[in-house]
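Fold and contact review
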Amino acid sequence: MRLIALALAAISSFGAIPVWIDTDPSVAPGGHEIDDGVALLQAFNSPEIAVRGVSIVFGNADLPTADRIGREIVSRFGPRGIRVYTGAAGPADIAKETEAVKALAAALRVEPLVVLALGPATNVAAVVRLHPELAGRIREVVAVAGRRPG
């Protein structure tokens, strides 16, 4: 995950880079699926990036579980004022105006952002689909994801 911060730092040498994190956290007992949790902790403590918001998406866990875990991580370890927004519950939500889509769209209206997509990019795709005028405000999407059968 440190590589993500270094890559983002290379984009700009003018202070912290504003980012939005879209994640599917499913930190499980025994050290399973901890990558998104670790990424959030590193992002919150990185001087190279400024986290503007966190959205939750289905993926390694169902949306209610991912949402609960994401909110707990942000409330315990995130900087003051960072909010968490619930997003897509499945691939069909690509055309749905979720809380996460509304929040990311609002943030993009304020400033261009780099989006760190740590799970399925459904929330990001929904913003581009429902708010095409904002696509150019996404400076870059850094996708860190896997693939599953089906």
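Structure's up top.
Residues numbered from 1 in each chain as written. Predicted model: local features only at pLDDT ≥ 70, side-chain atom pairs only at ≥ 80, totals over all residues. Heavy atoms only, no water.

A few words on the overall build of the protein chain. In terms of helices and strands, the protein chain carries 5 helices and 5 strands. Reading the secondary structure of the protein chain in the N-to-C direction produces α-β-α-β-α-β-α-β-α-β. Of all 150 residues assigned to the protein chain, the portion counted as buried reaches 48%. Accessible area of the protein chain: about 7,700 Å², with a carbon and sulfur share of 57%. (Helix = DSSP H or I, 4+ residues; strand = E, 2+ residues; numbered from the N terminus. Buried < 20%, exposed > 50% of the residue type's maximum accessible area, 1.4 Å probe, protein only. Areas by Shrake-Rupley, 256 points an atom, 1.4 Å probe, with all protein chains shown as cover.)

The next subject is a nonpolar patch on the surface. The grouping of V27, I34 and V38 at the surface amounts to a nonpolar patch, some 200 Å² of accessible area in total. In this fold, V38 is placed in helix 2 (residues 35–44). (Patch = residues over 30% accessible without salt bridge, like charges linked within 9 Å, V, L, I, M, F, W, Y side chains within 5 Å. Salt bridge = Lys/Arg side-chain N within 4 Å of Asp/Glu carboxyl O.)

A few words now on the packing of aromatic side chains. Per the stated rule, a full pass over the model turns up 1 aromatic pair. Geometrically, the ring pair formed by W20 and Y85 is stacked, given 5.7 Å between the ring centres and 25° between the ring planes. A residue pair is termed long-range when its members are at least 10 positions apart, and W20 in strand 1 (residues 17–23) and Y85 in strand 3 (residues 84–86) qualify at 65 residues. One exposure class covers both W20 and Y85, and it is buried. (Phe/Tyr/Trp six-rings, centres within 6.5 Å; stacked < 30°, edge-to-face > 60°.)

Looking now at the pairing of strand 5 (residues 138–143). Relative to strand 5, strand 4 (residues 113–117) runs parallel, the two sharing 5 bridges. Bridge pairing in strand 5 links L113 to I138. Viewed along the sheet, the connection from strand 4 through helix 5 (residues 122–130) into strand 5 turns out right-handed. (Pairing = 2+ DSSP bridges. Right-handed = clockwise from strand over helix to strand, strands pointing away.)

Counting residues in each nonpolar core, the largest one holds 23 residues, and the members touching the most others are V19, I21, F44, V51 and V54. For this core, the secondary-structure elements that each account for two or more residues are strand 1, helix 2, strand 2 (49–56), helix 3 (63–77) and strand 4. It is helix 3 that contributes the most residues to this core, 5 residues altogether. With residues near it in sequence (within four places) discarded, V51 still touches V19, I21, A43, F44 and I82. (Core = buried A, V, L, I, M, F, W, Y, C linked by side-chain atoms within 4.5 Å. Contact = heavy atoms within 4.5 Å.)

A separate point is the pattern of salt bridges. If you walk through the whole model with that rule in mind, you get 5 salt bridges. A salt bridge links R76 to E72, with the shortest nitrogen-to-oxygen separation between them at 3.2 Å. Of this pair, R76 and E72 are both found in helix 3, 4 residues apart, which corresponds to roughly one turn of the helix. Taking the relative accessible area as the measure of exposure, E72 reaches 38% and is therefore partly exposed. A salt bridge links R109 to E133; the nearest nitrogen and oxygen atoms lie 3.8 Å apart. Linking R109 in helix 4 (residues 99–110) with E133 in the loop between helix 5 and strand 5, this pair joins segments that are 24 residues apart in sequence. By sharing partners, the salt bridges in this structure join D67, R71 and E99 into a single network.

Read these as geometric descriptors, not functional statements.
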